[in-house]
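# Structural characterization, general
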Amino acid sequence: MVEGSLQPRHFRFVNIVEQTEPGAGGWQAACVHVPLRRDTGEVFLCQLGVGMPLETKRLGPIPVPLAQRISADCANLAAQTVFGAATPVTALGLACEDFRGTFRIALSGAIFGSRVGSECDDETTPVQPRFKKP
């Protein structure tokens with residue numbers, strides 16, 4: 001269903017809420033449209049609105065390169081879990097919902113307070129990865 005793996009560069013984080021004082025706070029977000037494809041040529045764009053704090057108590061500051069790497073790692077783990085169990089009759093929209101939910105669980109486990117949803121912040125620029133055919 002997914003033809004390649006998500007790379008850190010696919011998560012273009014922007015600051016949504018600036019951090020105004022030291023300590024946990026602030027907010028950054030990214031938007032990714034992951035193409036889910038069938039052998040039949042059917043394509044469904046699975047929109048991922050990803051958000052996380054700029055700093056947490058446990059991890060400290062979360063600069064963009066770290067946010068990107070953790071997001072890509074969690075998304076790819078979720079993709080392997082969900083799409084590995086998908087069948088040729090699995091509806092792409094349902095597969096997207098399962099992927100988003102599994103990604104949400106993985107990312108919130110890695111960075112407390114992070115979110116994955118179906119809506120993207122207006123300030124983000126959607127990225128649609130271009131995967132090479134296998």
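Further up the page is the structure itself.
The sections below set out a description of the structure shown in this document. It should be emphasised that the depicted structure is a prediction, and the values quoted were computed from it without experimental measurement. (Residues numbered from 1 in each chain as written. Predicted model: local features only at pLDDT ≥ 70, side-chain atom pairs only at ≥ 80, totals over all residues. Heavy atoms only, no water.)

## As for the overall build of the protein
Looking only at helices and strands, one finds two helices and six strands in the protein. Moving toward the C terminus, one meets the helices and strands of the protein in the order β-β-β-β-β-α-α-β. Relative to a compact globule of 134 residues, whose C-alpha radius of gyration would be 14 Å, the protein shows 15 Å and is just as compact. Each of the 134 residues in the protein was classed as buried or not, and the buried ones make up 42%. Here the analysis covers contacts within the protein between residues at least 6 apart in sequence; of these, 68% occur between residues at least 24 apart. In the form shown here, the protein has an accessible surface area of approximately 7400 Å², with 54% of it arising from carbon and sulfur atoms. (Helix = DSSP H or I, 4+ residues; strand = E, 2+ residues; numbered from the N terminus. Rg over C-alpha atoms; globule rule 2.2 N^0.38 Å. Buried < 20%, exposed > 50% of the residue type's maximum accessible area, 1.4 Å probe, protein only. Contact = heavy atoms within 4.5 Å. Areas by Shrake-Rupley, 256 points an atom, 1.4 Å probe, with all protein chains shown as cover.)

## Details of the sheet that holds strand 2 (residues 27-37)
An order of 1-2-3-6 is seen for the four strands of this open sheet, with the pairing classed as antiparallel. Sheet topology places strand 1 (14-17) and strand 6 (115-117) at the edges, where each strand pairs with a single neighbour. The average undirected angle you get between the axes of adjacent strands in this sheet is 35 degrees. Packing of helix 2 (residues 92-110) onto the sheet brings it into contact with strand 2, strand 3 (43-52) and strand 6, and relative to strand 3 it is tilted by some 20 degrees. (Pairing = 2+ DSSP bridges. Axes fitted to C-alpha atoms, helices over the stretch in contact; angles between N-to-C directions.)

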